[in-house]
Amino acid sequence: MKRHLFFFFLSLYLLTVSGHLYVRDETCMGLLTKRIIEDKSLSLPDLFPGSGPPPVIGRDGQLYSPCGIAQSIIAIPLCLLGKSLKTLGLDLDKVVCPDYSYIAFLSLFNSFVTAISVLILFIFSQRFYSPKTSFLLALFYGVGSMAWPYSKYFFNQPLSALSLLIASYTLYLYIQNIQTASFKHLILSGSFIGLSILTRTDNLIVIPVFFLYLLLSLKNQQQTRPHLLKIIAVFFLPIVFSIIMTALYNFIRFESFFQTGYGGMSGEGFCSPIEGLYGLLFASGESIFLYNPLLFLLPFCYKEFYRRRKNEAILCGLLFLIFLFTYSQWKNWSGGGTWGPRFLLPIIPFLILPLGVFIEEKIRLKKAILSGLFFLALSVQIAGISIDFNEYIQIMRKLYNTDIYTIFYPKTSPIVGHTRILMNKFFNLAPNDPVVREYKEPLDFWFVFLANHKIPLGIIYTIVLFLILFATINLYLILRKIQR
């Protein structure tokens, strides 16, 4: 079942990728991958395309990406695969645009990352719930949360989510078998926390939360002080290594171990958290609950989850709070004009996990509420994957010269705007709406994008039909195993 679950979501995500990049954060990381492959360099080219904040000038006057290095390195095999298409006679750089062999395969990156995340959440959930409930939680995360739209983009939040999920699960495995286990799972947990830091330096904020979870779990264990210190040392060793690597990367770019490249650009730095807290929780264009409607159930099941799994509930709750309060203080708390509260994406799986308590209560009304919220969540994500968020944001900025309307005004929030554009495309419902009229782009899927660039339709139809068939077969096999 695990294999079928992974391949179902991977097929779905590959079917709905866009085939292009959106903003400069993605372009920074993607160009760094290309530069590492072709020039063995960590700098970026001087002529830098895309919208959004620019890269940062480094110690030698060259441009450098302010983003963590992990994603750019992990994406190297995909880029090499894209380059290899030329040997098969398909030169995407000539057919579509220069460097498209890189761009096309970079756009696939988070399809794989998110599919693995769904699988890990399913496996982790089985430690607490039945296989059916675990599948529903995986489904809630996979298609009922922001994870689906973000599987299309090359942002590094999905890799952060995966790293923290694996770190949590492996630490849980170590704690459950602490009397007989080796340090393998403990090292893995520390290593994936380290990977999250190399992906985004601000993931340093999770270290105290995971350390507290480890200490709480060790509290009732009979451990001698030397062995306890050994456990802590083993846990922190890979984390310290990742911090050292991050500091060296900073020094190479900026001749300072502590300068990351962030903080000096326009719109960055810290401020009062009140606006950010309100925005991330309640604003029509950024609320984590509106972009992930299933989380409205969280207040009704967290207490019971805490009663059953106290330490894991503390881990999930503290991760949510530390992300919320940290990013609410960042001037650019909204994520810079993206789909929903981008910075909170890594903690969404930890908020989905307690919902299993609600699922397993056999009350008809609760089932109806759950079904209604799931279909609402699914509708929100379909609006997210179908329309180019960056094009919508740019139209709104052109019309109003501010992001206030997309963040705080319900009628112009991206959820509403995307939905109106999508409904107009299918049913011609709002042709005179200024935003709908300005939006000229087709549906934001790779097969539409490539068809508009004269890629042979036979190739496109073959790939689309294969992905649909493969997803259908795997979903059928999943459902058959669950019903046994």
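Cut-off values and rules
Residues numbered from 1 in each chain as written. Predicted model: local features only at pLDDT ≥ 70, side-chain atom pairs only at ≥ 80, totals over all residues. Heavy atoms only, no water. Buried < 20%, exposed > 50% of the residue type's maximum accessible area, 1.4 Å probe, protein only. Helix = DSSP H or I, 4+ residues; strand = E, 2+ residues; numbered from the N terminus. Arc of directions from axis to C-beta. Contact = heavy atoms within 4.5 Å. Disulfide = S-S within 2.5 Å. Salt bridge = Lys/Arg side-chain N within 4 Å of Asp/Glu carboxyl O. Phe/Tyr/Trp six-rings, centres within 6.5 Å; stacked < 30°, edge-to-face > 60°. Expected span 1.5 Å × (residues − 1).

Caption draft 1: Structural detail: helix H16 (residues 298-308). Those residues of H16 lying buried are Leu298, Cys301 and Phe305. End-on, the buried residues of H16 take up no more than an arc of 85°, which puts them together on one face. Projecting away from the buried face of H16 at angles above 90 degrees are the exposed residues Pro299, Phe300, Lys303 and Arg307. Those residues of H16 that are buried are in contact with helix H17 (310-328), helix H18 (348-352) and helix H19 (356-359).

Caption draft 2: Region of the structure containing the state of the cysteines. In total, this model carries zero disulfides according to the counting rule given. Free cysteine cysteine 28: the closest other cysteine sulfur is in cysteine 67, separated by 5.3 Å. In this structure cysteine 316 is a free cysteine whose sulfur lies 11 Å from that of cysteine 301, the closest cysteine sulfur available.

Caption draft 3: Up close: the pattern of salt bridges. Taken as a whole, this structure holds 14 salt bridges when the rule is applied. Here lysine 34 ties to aspartate 99 by a salt bridge, and the two come within 3.6 Å at their closest N and O atoms. Of this pair, lysine 34 sits in helix H2 (residues 24-39) while aspartate 99 sits in the loop between helix H5 (92-95) and helix H6 (100-106), and the two are 65 residues apart along the sequence. Given the relative accessible area of 16%, lysine 34 is considered buried. Under the relative-accessibility criterion, aspartate 99 is labelled partly exposed at 30%. Between arginine 200 and aspartate 202 there is a salt bridge whose closest N-O contact spans 2.8 Å. Linked by salt bridges that have partners in common, Lys34, Glu38 and Asp99 make up one network.

Caption draft 4: Spotlight on the packing of aromatic side chains. Applying the stated criterion to the full structure yields 39 aromatic pairs. Between the aromatic rings of tyrosine 278 and phenylalanine 282, the centroid separation amounts to 5.9 Å while the plane-to-plane angle is 45°, which identifies the pairing as tilted. One end of the pair is tyrosine 278 and the other is phenylalanine 282, both in helix H14 (residues 273-282) and four residues apart, which spans about a single turn. Tyrosine 278 sits in the partly exposed class, given a relative accessible area of 45%. For phenylalanine 282, a relative accessible area of 54% puts it in the exposed group.

Caption draft 5: Structural view of helix H1 (residues 2-16). For H1, which comprises 15 residues, the first-to-last C-alpha distance of 22 Å matches the rise-based estimate of 21 Å (1.5 Å per residue) to within 8%. Among the residues of H1, those classed as buried are His4, Leu5, Phe6, Phe8, Phe9, Leu10, Ser11, Leu12, Tyr13, Leu14, Leu15 and Thr16. Considering only its buried residues, H1 is in contact with helix H7 (109-125), helix H8 (131-144), helix H9 (147-150), helix H20 (364-386), helix H25 (446-451) and helix H26 (457-482).

Caption draft 6: Structural detail: unusual backbone geometry. Residues other than glycine seldom take positive phi values, yet lysine 40 does so here, at roughly 55°. Relative to the helices and strands, lysine 40 is located in the loop between H2 and strand E1 (56-57). A residue is classified by how much of its surface remains accessible, and lysine 40, at 68% relative accessible area, is exposed. Positioned with a positive phi, asparagine 401 is a non-glycine residue whose angle comes to about 60°. Inspection of the secondary structure puts asparagine 401 in the loop between helix H21 (389-400) and helix H22 (404-408).

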